[in-house]
Structure formats: structure tokens, C-alpha cells
Amino acid sequence: MTDFKMTRRKALGMALATAGAMMTSPAWAEVDFSGKTIEWIIPFSAGGGSDTWARFNAPLLSKYLPGQPTVVVVNEPGGGSTKGANLFAVRAKPDGLTLLGTSGSTQFPYLLGDPRVKYEYKDWKIAMAAPTGGVVYTSPSTGVETVADLAKLKDQKLTYASQGATSLDLVPLLGFKLMGLDVQHVFGFKGRGDGRLAFERGETNIDYQTSSAYIKNVLPLVEAGQAVPLFSWGVLDEAGNIVRDPNFPDIPSFPEAYEMLTGMAPEGDDYDAFVAFFIAGFPAQKMAILPKDTPDDIVAAFNVAFETMKQDPEYLANKQAVLGSYEQVTGGKAEGLFEMGTTISPQNRKNVVDMLGAHYGVKLGE
Amino acid sequence: MADTLLAALSALMTFDHLLYMLIGVTVGLVIGVIPGLGGIAGLSLLMPFLYGMDDISALAMLIGLVAVIPTSDTFSSVLMGIPGSSASQATVLDGFPLARQGQAARALSAAFISSMFGGIFGAVVLTGFVVVARPLILMFGSAELFMLALFGLSMVAVLAGRSLAKGLAACAVGLLIGSMGGAPATGEFRMTFGLGYLYDGIPLVVIGLGLFAVPEISDLLRRNASISDRPPLGSGWAKGFRDWYSNIWLSIRCSGMGCMIGAIPGLGGSVVDWIAYGHAVQTCKNPENFGKGDPRGVVAPESANNAMQGGALLPTMLFGIPGSGSMAVFLGGMVLLGMEPGPAMVTTNLDITYSVIWSLALANVMGAGICLLLAIPISRLTQIRFPLLAPFMITLICFAAFQATRDIGDLLALLSLGLLGILMKRFAWPRPAMLIGFVLAPQSETYLYQAVQFYDWSFVTRPGVIIIGLLTLASVIFGIRKRVDDTGHVVSAAKDTDEHEGRWTSRAPQIVFALMIVGLLIVGLKDALDQSFLAAVFPASVAVVGLAMALWLLPELIGGHRGHVSHYDSELDGETVGKAGIGGLWGGALWIGGLVLASALIGFYLAMILFFVAFLHVRARAKPLQTLIMTAAAAGFILLIAKMLSLNFPSGLAQSYLDLPWPFR
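Residues numbered from 1 in each chain as written. Chains lettered and ligands numbered in written order. Predicted model: local features only at pLDDT ≥ 70, side-chain atom pairs only at ≥ 80, totals over all residues.

The name given to chain B in an unreviewed UniProt entry is TctA family transporter, with the source organism recorded as Celeribacter baekdonensis.

The name given to chain A in an unreviewed UniProt entry is Tripartite-type tricarboxylate transporter, receptor component TctC, with the source organism recorded as Celeribacter baekdonensis. Regarding chain A, the relevant UniProt record gives this comment under Sequence similarities (unreviewed entry): "Belongs to the UPF0065 (bug) family." (UniProt positions renumbered as here; feature names shortened; annotations may be inferred.)

Below you can see the structure in the form of C-alpha cells.
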């Protein structure tokens, strides 16, 4: 983890240095997208979270890239995003004219070794990463009134509305298991919003929502006494540790809640496996990716564009609704997240895949 | 509340807002006219313009677009028999026969007036209910949603046609096809046969176009004449209005149903037109004409599908849960505008909510008005010699089909399902029954599994479940009494048709087709048995039911007396038999197959251009200049849409060797 800190700082410094150098040096002129069209491949249908995220960024990217190219969002859905990512891996040329927007749903099959995955993250260059966070809450019918009653959950049967064992809901699945909670995962939900509805109907008694959905839709329930916040998944600090989410300073993070419940800080292989999926699913959930062998000056041009757009009034006006209170990151910070969000030890991968097979009948492809 | 309502209205009634709404409506109408393009395409088109617009104008534009798509999609359903979008599939059953009788303008007018009424009805219901809807929507849990799916399936009874066995077997095949891809409970992949394309199942658009549009196009091509077999009858406006007005109660009932189905998140809007159509047949007096051009068969689904959009706004705005694909994009648009749906939409943001509702009503009036003006000129299309129209339609349905996943697999699936559709039409297997099965398969399976997980089997004693169960039972009973067959004829079960002499030889084709269906069911059963219990139980049960129906049907086909109800072969009994100038059954399919094959080799865009030239020259015998102009027009049109939607055409074998520029790559 200290490695991460060093590389992070170093890389961030380098990125800023290159950015600074490019502002002044003639190298700036070499990357010029004038009159070009950049395709931003989104491997999901229009209207979803990733699509909205890309459509939010696309006009700003167009404004701040050298030469003001047209940036169009191209939806190529299929195979839970593996199809679009596979096509990108085969087709995209390293000229900066094709960008891929991945999500946790693209990272997870890669981490799990899904045979449909024909792409290799390690070949790719990251241009920007957009983090997100989430809060786990429960129903007062469990007898839990505040997070201090967390231990009460241990002796009862909990129900969670899941989108599938290999979906983004793998993070809560691993997290609850790590805590020793007895949670029945009911699959087949279409999204976290669908799951929240099941919670509101009283069909489930534990749920989580991403931060902005939590603030907009669950806080009213908390105020009405119909939901009790437990913990946030947390955010990564400079050293790569999971700490409290600054959006929810009063709610403990997952490691804190774990410690409240067990008396020990979380550690070990199972925790490492959880962390790998957590990072791929939250701090590094959405990534803007450039193809293999993209020259550094093109990557830097994208870095600068994503960095400078943060001051744009349009960005500032709408970022809350799209990104929640999290900042999109570039350069070394993004590279650190990229590295951690796409790496898992073979042993941990095997453990997770075996557990999913044994408990949930998951067969990956074949 | 009344203050907010009026304030919202006056905020909307400025020139700017109305102009933006008109832009939305215009885009929506154009998108709706092109088959296969729905709200998703339209909203993605408008998304880039949302930046910098004020909230009310932007919402008015988005709503304008979403509201009128089910209005204008009626054009292709009525005039060409191609479902304009999944919301207008049922309109084809009666709208198209009306067009063929030269009454296109009448059918369109009735449809547009019904659409407008349904849309306004939806807005009115929304106005009253939006504040109190939250608890009502929360009453529908997984158990109730499962029962609603069953209610939808009960419409098979009324649409099963002469032979109930065929209807139920077709529905079983639909359910089986609908369960392809990942199982909801375990994520196991079913019936993928190692093809990457099938991992997500076959898209609804492809099923709808394959089962309905391809057989219609083939049939029209054989006849070599224009769509309408007689000159247009009068202007049609007044007649259309009377058709709606004399069935106003039907229109109200169907609007109510559409609104409710839209408001319940999870059922999806794709089945609403069939439920409305089935309801019309179940409850109307003298249903003999359904399927032959009964205007009530147009009024019912068109009232329902526009009202549905209003209903679907409820879960979208209140819970942030999109009721349909276009609502998902609308939701994305709201987020881009910095608005987040949630309970605040009926408290602090109530003004926004009401401006959305008012926009909905206004957009429906605008949309229907424009469509009414266009109805008469556009309905002249039915007078054109069909071979000149056919290449446009074939290109259009292929273009529409690959909108689904933008994969060459879409075209192959379209072709396969088209062949199935042609055979089903020939042997009077009810295609609506298969479609309903397909649409409701994921809902039936997912919600049953979830209900059992949440409540155990005791879910059947929940009051909501019992109520919907009784409704379903009533629907089955009414349905059995008034059955409509595939080509729409309402038949009493006892009525026989003539059949040609000879037992085995004349019946062999239909027996072989029934055996093909058996084969399909067996493949599904075998695949299911390789899965774990939770993934297998649904497709296996469905396949067993289907096989039981086939076992009931086969002896009737083989040994039934002459003219038995289950016998039908349009090549023996149909209206084209023995007429002069009728082409072969497979002509249309061969041309479509040629286009698909060429696309697989050289990519869609090049293939489409070649197809146009070949078809117009060889089949339509057009003059060289005419061929050139029509090909250029079509190529330009397709290119324009593709450019606007920033989409890549499916590439073929050649593209993997050659690096061609867009649009050829």
C-alpha cells in the first residue's frame, strides 16, 4: 500500500509537470483534434448511469481538448458490457479518436476471469476515473435503531435485493459475508432503484444506494423513521486505506463497522478480495480508457482536458446530480485507482469464484 | 396544489417553451414513423442540446418527444403492417386490414384521435394521482407483479385462434425464447448455443419485426400489387372521429388500463397494446370483424399506449425507476439537467412535476394534430405499386432490427424469426400468442422466483394476488368465449374450414411444421435440464406444457376429420390460392436473406446499396434513372439517420480485412 502512495504522488507530479510543460512547449501543438470526431464507446444502453456520465462529460471534453473535436457517445451494449469492451480492444486505434467508458460491470467480469472477456486492462491507458460511494441501511423492523445496534443484525435473517451475484452487488455480497451477516440475496433486480423499491415495500430489510440516490431517496425515509443508516462503503485515502466517506462524516465506513461488530480491524485474503472488488466497483467505478499504445502526449492532452473542465460553469452546475460529491480524477491518482481496480491475486480470484459457484450456483460462461 | 398547477401552466405558455416543445414533438414524430426507432434513439438525439437550456424548456422538449412516439408509430403499423414500435404491435391486426381496404385515412384518424385522448387522459390521471401515488405504487410487490404477468398471459386465450392447442404451444415457444440468456436467479446462460449474440436473449424489436413485418412484406411482394386493393374511400377524418366517439367508453377503459400498467414499475409497456386489444375483443359486442379491419381494434391499443406514457412518468419521477426504455433515457436527461427524481418531486419540486404533466397533455394535442394533417397525404403510400416500396421497407426493417444491439446477429435473428413468422402465418399459428409469451417471459420468471423467495408459497394468499387472480380467471373465461385467430377472424370453436382432398399429402406441410415446433421445444427442454434447478424450472415447465399441447395437436392434424379446426394451410385455403400473378411463398424471404447475407460479407451499408439496385432492377423492373434516384435517396436517408444517431453499421467479413472509412467500416 505504501508503494501505491509513492507511485501516486510521483505520477501525479509527473502528470502535472507534463501538463505544465505542454502548456508552454511546442509539443502542445502536436496533439490537435481539429475537425476530428472522437467516439466515446459506452458499452451500455442509452439512459443508464454510464451513459449519463459520458454524455455529461462529452461536450466538456470537446470544449477542452486541443482543436475542439466533436465528441460523440456511441452505445454498444451487450454481454453486460463485455461486448463493447471487446470490440474496443480489437478495433480502436491509438490515435485518441476512440475512448471507452468502462464501469464496475466491465471490471468485475475481468477480475473474475469470465470467459467472455477478451480485453486486457493492463494494455490500456487511463484518461480519467470517476469514483462513487454508497451507504448501507437497514429497516427498523430488525430492531436496529442506530448503527450502535449493529450487533443485533448478527442473529437474524436479512434479505437483500440483488442485481446478480457477479454484478456490482458482488461488493455487498462479499462485505456482508465478511461481517458474518446471514443475508439471503434475492437476485433478478434491474438496478439499485428497483432494489430500493423492494426495501420500501418491506420485501427486504437491508439495502444500499449510491450516494446521490441515498441523499435524494433514502434520507427522507431515515427522517420518517423507515430506514436506519448503518455504514458507508468508504473512500480511499492517500495511502490507499478505506476511510470514512467525507459526504457522510457521521456514518462509519465499512472497516469501522466491521471493527464495531468483530472487535478487530478487517484483514486477510477474504478482505483483500473484498477490497479488490470494492475499488473496481466504487473508487474506480467509471473509467475513461484509451487504447493500447496510445502515445503519452495524447494521454496527457486528455488528462489536461478532464482536469481543466472542472472549472467550467456547466461542470460545476450539474456535477452534483451526475457525480454526487465525488471528484473525477486524472493523472497519477487515476493510474493508482486503475492499477488497484484491475488487479486481483489468482488465489483470491479462485476463492471468490469457488464461493460464488458453491453458494449461488454461478457458472462463469463455459 | 391548484396554485402550483396554474403557475406551472403559465410558466409553460411562453413562446420559447412552446417552441422547444414543438421541436421535441417534431423529432418524436419523425422517430416514431421510422420502425424500430423509439424514444431511446430520439432522446439520445436531443441530449446534446440540453446543455444551457432552462429546465422547463428542456423538460418540455423531452416530454414532447416521448409523448408523441406512440402517436406517429401508428403510420407504419397501419399503412405497412410493420409495428412502428413495440407499443403499436396490436394496432397492426386491424389497422393494416383497414388500409388494404382503402380506408387508411380512416384508421389513422381514429388512431390519432384515440392517441390524443389517451395522452390527455394520462395527463389528467397524473395530475390527480401524482401526490398520492407513492403508497399505491408500493402496494405492488413481486407477488402482485407476477400475477399481473399472468394476467397479461391470459390474453393468449382470446388471441389463440381456432385451435387452442396451437395458441398455447405458440405461447410456450414465446416464453421459451423469452427465457434465453442469463437466468434471473443464478445468472446461468440458457440456450446460447455458444453464440455471443444470444447471451442477452433476442431483442423484442427483432421478434416483433420478424413475426409481423417480414411475413407481411413477403405476402405483399407475392401479390405484386399496391397495399390497398381499392382506391381510397373518402377523406376519412370524420369517419375516424366517429369510430373513436362511438367507442368512447372502450377508449376510456383502455386509457385507464394503459395508465395503470405504465404506472406499475416492472411490468413494462410492451404488452399494454395487447392487453388493450384483448380487452376490446373480450368485451365488445359483435367481435366477428376483429382482425379483418374493425376500427375498435385500432382505438383500443392506441388509447392505451399513449396513456401508458403518462402512467410511466409516475415511477420515473417519484422513485427514479424508469418504466420503459425511453423513460430510462428521460431519467438520464433529467439528471443531465441537474434534477434528481425522488419524493421531492411532489413536495418542493411540485412545480416541475406539474410542468411535465402539462407538457405531456400539450404535446399529445400537438402530435395528434400534426399527424392528422399528414394522415391523408401519407396514406397515399398504400396506392403505390408495392415492389417499388418493398426495398425501402426491407431496408428499413433491417435498419430497425440492428438498432437493437447493433450486431450482425440482429439481422440473422430477424431472418430466422421472419421465416418462422411466414410459416406461422401460413399454418395459422397465432403470432400474437407467441409475442405475448416472449414479452412476459422474464417478468413471469423473475417475479415468481422473487415472490417465492420473499414470501414462500404463501404469497398466493395475499389480497392483491387473489384480486388479480380473479381478474385473470375472468379474462380467461371471456377470452375462451370470444377467440380471435391469427389473421384476426373471430371464430366460434365449431366452425370448420374447407380443406382439399387427400389426407396425408395435403396435410404433410402443416404436420412437418408442428414437428419443427416440437423440435424447438425439445431443444429448449434439453438445454434446461443441463442447468441448476432454479435456472431450469421455468424453461423446463414451459417446454413441457408446450409439448403437451403439441401432443394434443398432432393427432388432430394427422387423423382429424376433413376441415378440422386445427387444420389450416394458406397455400391450400388462403385468398391467394389459384389467383393469377401470385409469386412464390419464399420470394420476399429470399430477398431479405440476400440482404442479410450480403451484409455479413461486405457490411450493411454497402450491402444495402447493392440490394436497392438489384431489387429495383431485377424485381421491380424500374428504369435505370428511377433506380438511381431511389437508391440515392434511400442511401442518403439512412446515412443521415446514422450520422445523427452516431452509430456504426454492422460490419461484414470484408471489413475485418480492409480498413474502410465510415459508413462502410
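**A closer look at the overall build of chain A**
When helices and strands are tallied, chain A shows 14 helices and twelve strands. Taken over the C-alpha trace, chain A has a radius of gyration of 21 Å; the compact-globule value for 366 residues is 21 Å, and the two agree within 12%. Here the C-alpha coordinates of chain A stretch approximately 65 × 45 × 40 Å along the principal axes. Per-residue burial over chain A gives 57% buried out of 366 residues. Restricting to contacts in chain A with at least 6 residues of sequence separation, those with at least 24 account for 76%. (Helix = DSSP H or I, 4+ residues; strand = E, 2+ residues; numbered from the N terminus. Rg over C-alpha atoms; globule rule 2.2 N^0.38 Å. Buried ≥ 20, exposed ≤ 12 C-beta atoms within 10 Å, placed from the backbone. Contact = placed C-beta atoms within 7 Å.)

**Considering the interface of chain A and chain B**
The interface is formed by 43 residues belonging to chain A together with 47 residues belonging to chain B. Of all the elements in the fold, those that place two or more residues in the side of chain A that touches chain B are α3 (49-64), β2 (70-75), β7 (182-186), α7 (192-200), α8 (211-223) and α12 (313-323) of chain A. Within the side of chain A that touches chain B, the residues separate by chemical class into 17 nonpolar, 15 polar and eleven charged. (Nonpolar A, V, L, I, M, F, W, Y, C, P; charged D, E, K, R; others polar.)

**Quick notes on the domain arrangement of chain A**
All names here are of chain A. Structurally, chain A comprises domain 1 (2-131 + 284-347) and domain 2 (134-279). Each of domain 1 and domain 2 has a C-alpha centre, and the two are 28 Å apart. Put simply, the parts of the chain that give the side of domain 1 that touches domain 2 at least two residues each are α1 (2-24), α5 (104-112) and α13 (331-341). Of the residues belonging to the side of domain 1 that touches domain 2, the class tally is eleven nonpolar, seven polar and one charged. (Domains from an automatic or database assignment.)

**Quick notes on the confidence of the model for chain A**
With 92% of its residues at a pLDDT of at least 70, chain A reaches an overall mean of 89. When the criterion is pLDDT under 50, residues 1-28 of chain A qualifies, and its contacts beyond four places in sequence or with other chains add up to 39 contacts. (pLDDT = per-residue confidence, 0-100.)

**Here's the deal with the pairing of β7 of chain A**
Residue and element names in this part refer to chain A. Sheet analysis places strand β6 (residues 157-161) next to β7, joined by five bridges and oriented parallel. Across the sheet, the residue bridging to A161 is V186, located in β7. Of the crossover connections in this fold, the one passing from β6 over helix α6 (residues 170-179) to the parallel β7 is right-handed. (Pairing = 2+ DSSP bridges. Right-handed = clockwise from strand over helix to strand, strands pointing away.)

**Some remarks on the sheet that holds strand β4 (residues 125-130) of chain A**
Residues and elements named next belong to chain A. Within the open sheet, the five strands sit side by side as β2-β1-β3-β12-β4. Their pairing is mixed. Strands with a single pairing partner mark the edges of an open sheet, and in this sheet they are β2 and β4. Averaged over neighbouring strand pairs, the angle between their axes works out to 25° when direction is ignored. As paired elements, strand β1 (residues 37-42) and strand β3 (residues 98-102) share three bridges and run parallel to each other. Residue E39 lies in a different strand from β3, and its bridge partner there is T98. Across the sheet, helix α4 (residues 82-91) is in contact with β1 and β3; its angle to β3 comes to roughly 150°. (Axes fitted to C-alpha atoms, helices over the stretch in contact; angles between N-to-C directions.)

**Some thoughts on the nonpolar core**
Nonpolar side chains in soluble globular proteins tend to end up buried together. Judged by nonpolar contacts, the single largest core of 347 residues is most densely connected at F277 of chain A together with A172, L209, A401 and I436 of chain B. Broken down by element, this core gets its largest block of residues, 15 residues, from helix α7 (residues 104-129) of chain B. When residues of this core are sorted by domain, at least three fall in each of domain 1 (2-131 + 284-347) and domain 2 (134-279) of chain A. Ignoring anything within four residues of it in the chain, the contact list for L209 of chain B reads P35, G36, I82, V214, I397, A400, A401 and L414 of chain B. (Core = buried A, V, L, I, M, F, W, Y, C linked by C-beta atoms within 7 Å.)

**Looking at α3 of chain A**
Given a rise of 1.5 Å per residue, 16 residues ought to cover 22 Å, and the 23 Å separating the end C-alpha atoms of α3 of chain A matches this to within 8%. Maximum bend of α3 of chain A: about 30°, positioned at A58 of chain A, with proline P59 of chain A one to four residues after it. (Expected span 1.5 Å × (residues − 1). Bend = angle between axes of the 7 residues up to and from the residue.)

**What about helix α22 (residues 463-481) of chain B?**
Two residues of an α-helix separated by three or four positions point the same way, owing to the 3.6 residues in each turn. Residue and element names in this part refer to chain B. Over its 19 residues, α22 runs 28 Å from end to end, which matches the ideal 27 Å to within 8%, given 1.5 Å per residue. Within α22 the residues assigned to the buried category are V465, I468, T472, S475 and G479. Across the axial projection of α22, the buried residues extend over an arc of 85°, all falling on one side. The exposed set on the far side of α22, more than 90 degrees from its buried face, consists of P463, I466, I467, L470 and I477. As for α22, its buried residues are in contact with α9 (142-153), α10 (155-159) and α15 (272-283). (Arc of directions from axis to C-beta.)

**Points about the pairing of β3 of chain A**
All names here are of chain A. Most of β3 is tucked away, with four of its five residues classed as buried. The sheet contact formed by β3 and strand β12 (residues 286-290) spans three bridges and is antiparallel. The residue bridging L100 from the neighbouring strand is I289, located in β12.

**Describing unusual backbone geometry**
With the exception of glycine, the majority of residues adopt a negative phi angle, and the majority of peptide bonds are in the trans configuration. Residues and elements named next belong to chain B. Despite not being glycine, N224 has its phi angle at roughly 65°, a positive value. Positionally, N224 belongs in the loop between α12 (204-223) and α13 (237-245). Look at N224 and you get partly exposed, because 15 C-beta atoms sit within 10 Å. Positive phi outside glycine occurs at R621, with the angle close to 50°. Residue position: R621 is located in the loop between α27 (604-619) and α28 (624-644). Residue classification places R621 among the exposed residues on the basis of 11 C-beta atoms within 10 Å.

**A few points about the environment of R426 of chain B**
Residue and element names in this part refer to chain B. With respect to the helices, strands and loops of the structure, R426 is situated in helix α20 (residues 408-426). Accessibility expressed as a C-beta count within 10 Å gives 20 for R426, which makes it buried. Taking the C-alpha atoms as reference, R426 lies 17 Å from V92; in sequence the two are 334 residues apart. Other than its neighbours up to four places away in sequence, R426 contacts D569, S570, E571 and L585.

**Digging into the confidence of the model for chain B**
Interpretation of the predicted coordinates at a detailed level should be avoided for regions scoring low in pLDDT. All names here are of chain B. With 95% of its residues at a pLDDT of 70 or more, chain B shows a mean pLDDT of 87. Scored below 50 in pLDDT, residues 486-501 makes 39 contacts in the model with residues more than four places away or belonging to other chains. Two numbers describe this predicted complex: its pTM, 0.89, and its ipTM, 0.87.

**Quick notes on the sheet that holds strand β5 (residues 134-138) of chain A**
Residue and element names in this part refer to chain A. Sheet architecture is open: three strands sit in the order β8-β5-β9, paired in antiparallel fashion. Each of the sheet's edge strands pairs with one partner strand only, and the pair in question is β8 (206-210) and β9 (228-232). Looking at each pair of strands side by side, their axes are set apart by 30° on average, direction ignored. Pairing of β5 with β9 involves four bridges; the strand directions are antiparallel. What sits directly across from V136, in β9, is F231. The strands touched by α8 within the sheet are β5, β8 and β9, with β8 carrying the most contacts at an inclination of about 135°.

**Structural notes on the packing of helix α6 (residues 91-100) of chain B against helix α16 (residues 296-319) of chain B**
Residues and elements named next belong to chain B. Direction vectors running N to C along α6 and α16 enclose 135°, while the axes themselves pass 8 Å from each other. By the angle between their directions, the pair α6 and α16 is classed as oblique. The way α6 lies across α16 gives a crossing that is left-handed. From α6, T91, L93, D94 and G95 reach across to α16, where they touch G297, V298, P301 and E302. Among the residues making up the contact of α6 with α16, the classes are represented as three nonpolar, three polar and two charged. (Parallel < 35°, antiparallel > 145°, perpendicular 65-115°, else oblique. Left-handed = near helix turned anticlockwise from the far one by under 90°.)

**Some points on the packing of α3 of chain A against α12 of chain A**
Residues and elements named next belong to chain A. Running from amino to carboxyl end, α3 crosses α12 at an angle of 175°, the nearest separation of the two axes being 11 Å. Compared by their axis directions, α3 and α12 come out roughly antiparallel. Between α3 and α12, the residues in contact are T52, W53, F56 and L60 and E314, Y315, N318 and V322, respectively.

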